[in-house]
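Observations on the model geometry
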There are 2 protein chains.
Amino acid sequence: GPNTFVAVQNIIDAVEDKYRKETGQNPAENIEFQVLFNDFTTNDFNTLFQSLPAGRRYYSAGVPGSFFERVLPKESFHIGVINYAFHFTSKIPKGITDRDSPSWNRDMHCTGFNKAVKKAYLDQYSADAKILLDARADELVPGGLMLLFGSCLRDGVKMSETSKGIVLDAVGASLNDLAQQGVIEQDKVDSFSTPLYFAEESELKQIIEENGRFTIE
Amino acid sequence: GPNTFVAVQNIIDAVEDKYRKETGQNPAENIEFQVLFNDFTTNDFNTLFQSLPAGRRYYSAGVPGSFFERVLPKESFHIGVINYAFHFTSKIPKGITDRDSPSWNRDMHCTGFNKAVKKAYLDQYSADAKILLDARADELVPGGLMLLFGSCLRDGVKMSETSKGIVLDAVGASLNDLAQQGVIEQDKVDSFSTPLYFAEESELKQIIEENGRFTIE
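Residues numbered from 1 in each chain as written. Chains lettered and ligands numbered in written order. Predicted model: local features only at pLDDT ≥ 70, side-chain atom pairs only at ≥ 80, totals over all residues. Heavy atoms only, no water.

Right, let's talk about the overall build of chain A for a bit. Looking only at helices and strands, one finds 7 helices and 6 strands in chain A. In sequence order, the secondary structure elements of chain A are arranged as α-α-β-α-β-β-α-β-β-α-α-β-α. Judged by the C-alpha coordinates and their principal axes, chain A covers about 65 × 40 × 30 Å. By residue count, 41% of the 217 residues in chain A fall in the buried class. (Helix = DSSP H or I, 4+ residues; strand = E, 2+ residues; numbered from the N terminus. Buried < 20%, exposed > 50% of the residue type's maximum accessible area, 1.4 Å probe, protein only.)

This is the structure we're talking about:
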């Protein structure tokens, strides 16, 4: 969508600036860009293609498939961007939606109130992130660049202390109120969770270092 | 759609066979394939992506844009296929739908009854085909292969003599009957034409030779 087009244009502008400074030549005459838009196979690529910005100076392609899997051949791209999406996990961790589990998540989200919940999410996130990093490392050209935007918390900050966490908790509390008034079923509220984990900075760094396919710039 | 998936699989099978014979190695362990599906931006890519064959051994991407323009960066692909589409022209030639023009096409299609109509279509087709060949030549790697399937007539065969031409003429005659009975307007029938030209083999050869970017194998 629109956010992605802005991010894409910013990156192309930056590459062209660098090219201009380093070579003194006009990038428009010498380099071509191709932007590969990846999303789930069930995403609406038709709308994406029809809303591509007019006057863009890049070729476009849509790449269907989960970013937890390989979606491109080896060494296919030079710069990758994950734009406000790195916080998705591939699934809800085991036990999170099970009332009898120690990691049952009463809150709508892992907001930091329950250590077992946090650990379950972090374990899932860590496994997912390593699979994702392996896939992107295969697809990226050697020396290529991966940009991760907007996907983690500062160390020691709990999700429940952030504006997003406060909104999520308010939604969760409202759903609980509705359940207590009998408007919706308590069971459904208790088993509702989201496949999201916003890692702390040091957690993310540790995952990237343990994975070992990328260096952090 | 399904036809395309069959063509894609045939090509991959052929490349893998050749690889196996020439190297004695298993292609599945050594080479990856990426298939770029091109169609108009308004095509339904969602359905395409959701109907990709299960168990396929290739990565997929959708490339939106008219094939009369560049849709990919330079040297992007090794084997290109135009599958029953090379007979489309980019527009109806000038004069074809104009009753006062010498190349006005009374018939629904250029079926070979009128030399001025045929020339108008051939000129349009020739100009379009050269633009298309230039675009593909830029996008293809040096030494790459373009396959054109099912898109021309044998020399001396008129479209009106082929099964497709006979069907088109029958449709055209039926529309004329309906117009004479007042069910539809004669003007609309007279100005209805299709952006299609099925070239004769020698016409297509001449166009490819004049373009000069490809050799015919």
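Still more to cover.
Turning next to the relation of the copies chain B and chain A. Mapping chain B onto chain A is achieved by rotating through 180 degrees and translating by 0.0 Å along the same axis, at an RMSD of 0.1 Å. Such a combination of rotation and displacement between the chain copies is what one expects of a two-fold axis. When C-alpha positions in chain B are compared against the rotation axis, the closest is assigned to G62 of chain B, at 2.4 Å. In this assembly the copies share their binding face: 100% of the residues contributing to the interface of chain B also contribute to that of chain A. (Least-squares fit on C-alpha atoms with pLDDT ≥ 70 in both. Contact = heavy atoms within 4.5 Å.)

This part covers the pattern of salt bridges. Residues and elements named next belong to chain B. Considering all chains together, one arrives at 36 salt bridges over all chains under this definition. For K118, the salt bridge identified is with E203, shortest N-O distance 3.0 Å. Here E203 lies in helix α7 (residues 201-211) and K118 lies in helix α4 (residues 115-139), a separation of 85 residues in the sequence. Exposure remark for K118: the relative accessible area of 28% places this residue in the partly exposed category. Across the pair E201 and K205 runs a salt bridge, and its minimum N-O distance is 3.7 Å. Linking E201 with K205, this pair stays in helix α7, spanning 4 residues, or about one helical turn. (Salt bridge = Lys/Arg side-chain N within 4 Å of Asp/Glu carboxyl O.)

On to the interface of chain B and chain A. Tallying the contact residues gives 22 residues for chain B and 22 residues for chain A. At the boundary of chain B with chain A, total buried surface from both sides reaches about 1900 Å², with 56% on carbon and sulfur atoms. For the interface between chain B and chain A, the tally reads 2 salt bridges. Between R70 of chain B and E32 of chain A there is a salt bridge, with its nearest N and O atoms 3.0 Å apart. The tally of links between chain B and chain A comes to 12 residue pairs in polar contact (both at pLDDT 80 or more). Elements with a minimum of two residues in the side of chain B that touches chain A: α3 (45-50) and β2 (58-64) of chain B. The leading source of residues in the side of chain B that touches chain A is β2 of chain B, at 6 residues. By residue class, the composition of the side of chain B that touches chain A is 10 nonpolar, 8 polar and 4 charged. (Buried area = accessible area lost by both parts, 1.4 Å probe. Polar contact = N/O pair within 3.5 Å; in protein donor to acceptor, adjacent residues only side chain to side chain. Nonpolar A, V, L, I, M, F, W, Y, C, P; charged D, E, K, R; others polar.)

Below, the discussion takes up the packing of aromatic side chains. Applying the stated criterion across every chain, the model contains 12 aromatic pairs over all chains. Geometrically, the ring pair formed by F86 of chain A and Y125 of chain A is edge-to-face, given 6.1 Å between the ring centres and 85 degrees between the ring planes. With F86 of chain A in the loop between β3 (77-83) and α4 (115-139) and Y125 of chain A in helix α4, this pair connects stretches of sequence that are 39 residues apart. Taken individually, F86 of chain A and Y125 of chain A each receive the classification buried, so the pair is uniform in this respect. Clustering of aromatic rings is evident, with ring pairs tying together F45 and F49 of chain A together with F45 and F49 of chain B. (Phe/Tyr/Trp six-rings, centres within 6.5 Å; stacked < 30°, edge-to-face > 60°.)

Residue and element names in this part refer to chain A. Two elements in contact, α4 and helix α7 (residues 201-211), have axes whose closest approach is 10 Å; the angle formed by their N-to-C orientations is 45 degrees. If you check the angle between α4 and α7, you find them oblique. As for how α4 packs across α7, the hand of that crossing is right-handed. For the pair α4 and α7, contact is made by K118, L122, Y125, S126, A129, K130, L133 and D134 and by E203, L204, I207, I208, E210 and N211, respectively. Grouping the amino acids of the contact of α4 with α7 by side-chain chemistry returns 7 nonpolar, 2 polar and 5 charged. (Axes fitted to C-alpha atoms, helices over the stretch in contact; angles between N-to-C directions. Parallel < 35°, antiparallel > 145°, perpendicular 65-115°, else oblique. Left-handed = near helix turned anticlockwise from the far one by under 90°.)

Here the focus is a nonpolar patch on the surface. All names here are of chain A. A cluster of nonpolar side chains, namely I79, V81, Y84, L145 and F149, defines an oily patch on the protein surface of about 410 Å² accessible area. Breaking the nonpolar patch down by element, the ones donating at least two residues are β3 and β4 (140-149). In this fold, L145 is placed in strand β4. L145 gets classed as partly exposed once you look at its relative accessible area, which sits at 38%. (Patch = residues over 30% accessible without salt bridge, like charges linked within 9 Å, V, L, I, M, F, W, Y side chains within 5 Å. Areas by Shrake-Rupley, 256 points an atom, 1.4 Å probe, with all protein chains shown as cover.)

Turning our attention to the nonpolar core. A general trend in soluble globular proteins is that nonpolar side chains are found buried together. F86 of chain A together with F86 of chain B are the most contacted members of the largest nonpolar core, which has 54 residues in total. If we skip the residues at most four places from it in the chain, F86 of chain B touches Y125, A129, L132, L133, L148, S151 and L204 of chain B. Core analysis: the next-biggest nonpolar cluster, separate from the first, contains 22 residues, I12 and F49 of chain A together with V8 and L48 of chain B among them. (Core = buried A, V, L, I, M, F, W, Y, C linked by side-chain atoms within 4.5 Å.)

Residues and elements named next belong to chain B. Relative to the helices and strands, N211 resides in helix α7. In this structure the side chain of N211 is engaged in a polar contact, spanning 3.0 Å, whose partner is the side chain of D134. Excluding its chain neighbours within four sequence positions, the residues that come into contact with N211 are K130, L133 and D134.

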